[in-house]
Amino acid sequence: MPLHHSHRHHQEQLQPRWSGVDAYFSGLLSPDDEILTAALLNSDAAGLPPINVAPNQGKLLQLLAQLQGARRILEIGTLGGYSTIWLGRALPQDGSGRLITLEYDPVFADVARRNLYRAGLAETVEVRVGAALDSLAALVAEGTEPFDLVFLDADKPDNPRYLEWALKLTRPGGLIVADNIVRDGAVADADSTDAAVLGVRGFFERVAQDDRLSATAVQTVGSKGYDGFALIRVIG
C-alpha cells in the first residue's frame, strides 16, 4: 500500500477518537447554545458545505479577539456566519465594536445575515458580498479604520494576496489568524502543484520575509480532521 494511502487509513482510524475528544472539550468549555446550533442547522438546510469551524475552534477565535481587546474585526470568508457569531460575541458589550465579514456567494451571505440577525448581531456585523479581493480594495479606498483582528478563512490560492490587503487594513499590534493551512500535510510538499497548497506556501513565504510580522503555525487534529492554523502578529 502506498505511504499516503496508509497515512490516510491511519487518520480514518483515529478520526472517531479525535472527534470524541473534541466533543468532550467542547461540551465542557465551548458548548453550542441555541443560537449557534440554529446557525449550523440553517446552514445545512440551505445546502452550505459543512466546513465551519468546530465549537472549540470558534471559542479559540473568541478568546483571541478578547485577548486582543478587539474593537474592530475583519473576517474573510463568512460561509453561514458560525465563526462570525463567535467573533461578534467577543466585541465590546457597549455596542461600540464592529465586524465586517466578506463573502463571495450571495446565497451564503443571505444565510449568514439571517443567522446573525437571530444572534442579535445584525447592527454590529456587516456582510459584504463579492470577490474578497474587490471588497478588500474597497475597504482600503474608503479609508476604513484599521482592524485589530483579521480572520482569514477563504479560498486558499489567493491567500498571499489576501495577506497583502490584510496588512494594509490591520493596525500595528494587530493579529491575523489564518485557518486551514496544513492541507492534510501537503503544505510541506515543495513539489506540490495543488493551487491551494501553492497559495498557502506562498502565504507563509511572504510572512517569513516580512520583518514587521511575527508568526507561528500550529497543527491540529479533531472533528475537522488533520489541519492547523497560523497566528501572525503585526509588529510594525
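Residues numbered from 1 in each chain as written. Predicted model: local features only at pLDDT ≥ 70, side-chain atom pairs only at ≥ 80, totals over all residues. Heavy atoms only, no water.

### Describing the packing of aromatic side chains
Part 1: Evaluation of the coordinates by the stated rule reveals 3 aromatic pairs.
Part 2: Their ring planes at 50° and their centres at 5.5 Å tell us that tyrosine 24 and phenylalanine 25 sit as a pair that is tilted.
Part 3: For phenylalanine 25, a relative accessible area of 40% corresponds to the partly exposed category.
Part 4: Measuring from ring centre to ring centre gives 6.5 Å for tyrosine 82 and tryptophan 86, while their planes differ by 80°; the resulting arrangement is edge-to-face. Of this pair, tyrosine 82 and tryptophan 86 both sit in helix H4 (residues 82-88), 4 residues apart, roughly one helical turn. Across the pair, exposure class does not vary: tyrosine 82 and tryptophan 86 are buried alike.
Part 5: Residue placement shows arginine 72 over the ring face of phenylalanine 147; its charged tip is 4.6 Å from the ring centre.
Part 6: Above the face of the tryptophan 165 ring, lysine 168 is positioned so that its terminal group lies 5.7 Å from the ring centre. (Phe/Tyr/Trp six-rings, centres within 6.5 Å; stacked < 30°, edge-to-face > 60°. Buried < 20%, exposed > 50% of the residue type's maximum accessible area, 1.4 Å probe, protein only. Helix = DSSP H or I, 4+ residues; strand = E, 2+ residues; numbered from the N terminus. Lys NZ or Arg CZ within 6 Å of the ring centre and 35° of its normal.)

### Looking at the nonpolar core
In globular proteins that are soluble, nonpolar side chains generally tend to be buried together.
Part 1: Counting 30 residues, the largest nonpolar core has Leu74, Ile76, Tyr162 and Ile176 as the members making the most contacts within it.
Part 2: Elements represented by at least two residues in this core include exactly strand S1 (72-76), strand S2 (98-103), helix H6 (132-141), strand S4 (147-152), helix H7 (159-169), strand S5 (170-179), helix H8 (195-208) and strand S7 (225-234).
Part 3: Counting residues per element, this core draws most heavily on H7, at 5 residues.
Part 4: Setting aside anything within four residues of it in sequence, one finds isoleucine 176 in contact with Val150, Leu163, Ala166, Leu167, Thr170, Ala230, Leu231, Ile232 and Val234.
Part 5: One finds Ala70, Ile73, Val125 and Val127 within the second-largest nonpolar core, a separate group that totals 24 residues. (Core = buried A, V, L, I, M, F, W, Y, C linked by side-chain atoms within 4.5 Å. Contact = heavy atoms within 4.5 Å.)

### Topic: the pattern of salt bridges
Part 1: As enumerated under the stated definition, the model contains 12 salt bridges in all.
Part 2: Look at the salt bridges and you will find they share partners, linking Arg98, Glu126, Arg128 and Glu142 into a network. (Salt bridge = Lys/Arg side-chain N within 4 Å of Asp/Glu carboxyl O.)

### A few points about the sheet that holds S4
Backbone-to-backbone hydrogen bonds join strands into a sheet, with any given pair of strands oriented parallel or antiparallel.
Part 1: What the 7 strands build is an open sheet, ordered S3-S2-S1-S4-S5-S7-S6; its pairing is mixed. Two strands close off the open sheet at either side, each with one partner strand: strand S3 (125-129) and strand S6 (213-222). Strand after strand, the sheet turns through a mean of 15° between neighbouring axes, direction not considered.
Part 2: Note: S4 against S5, 5 bridges, orientation parallel. The residue bridging valine 150 from the neighbouring strand is isoleucine 176, located in S5. (Pairing = 2+ DSSP bridges. Axes fitted to C-alpha atoms, helices over the stretch in contact; angles between N-to-C directions.)

### Focus: a nonpolar patch on the surface
Part 1: Taken together, the side chains of Val21, Tyr24, Phe25, Leu28 and Leu29 make up a nonpolar region of the molecular surface, amounting to roughly 520 Å² of accessible area.
Part 2: Residue placement: valine 21 occurs in helix H1 (residues 3-29).
Part 3: A relative accessible area of 39% places valine 21 in the partly exposed class. (Patch = residues over 30% accessible without salt bridge, like charges linked within 9 Å, V, L, I, M, F, W, Y side chains within 5 Å. Areas by Shrake-Rupley, 256 points an atom, 1.4 Å probe, with all protein chains shown as cover.)

### Topic: the side chain of aspartate 22
Part 1: Residue position: aspartate 22 is located in helix H1.
Part 2: Of the side chains with opposite charge, lysine 224 lies nearest to the buried aspartate 22, which makes no salt bridge, at 8.3 Å.
Part 3: Ignoring anything within four residues of it in the chain, the contact list for aspartate 22 reads Ala54, Asn56, Gly222 and Ser223. (Lys, Arg positive; Asp, Glu negative; His and termini not counted.)

### A few points about helix H5 (residues 106-118)
Part 1: Relative to the 18 Å expected for 13 residues at 1.5 Å per residue, H5 spans 19 Å between its end C-alpha atoms, a close match to the ideal helical length.
Part 2: Of the residues making up H5, those classed as buried are Phe108, Ala109, Val111, Ala112, Asn115 and Leu116. Mapping the buried residues of H5 onto a view down its axis gives an arc of 160°, with all of them on the same face. Set apart from the buried face of H5 by more than 90 degrees, the exposed residues are Pro106 and Tyr117.
Part 3: Considering only its buried residues, H5 is in contact with helix H2 (34-45), H4, S2 and S3.
Part 4: At the N-terminal boundary of H5, the capping side chain belongs to aspartate 105, with an oxygen 2.8 Å from the backbone nitrogen of valine 107.
Part 5: One or two steps after H5, the chain reaches glycine 120, where phi turns positive at roughly 75°. (Expected span 1.5 Å × (residues − 1). Arc of directions from axis to C-beta. Polar contact = N/O pair within 3.5 Å; in protein donor to acceptor, adjacent residues only side chain to side chain.)

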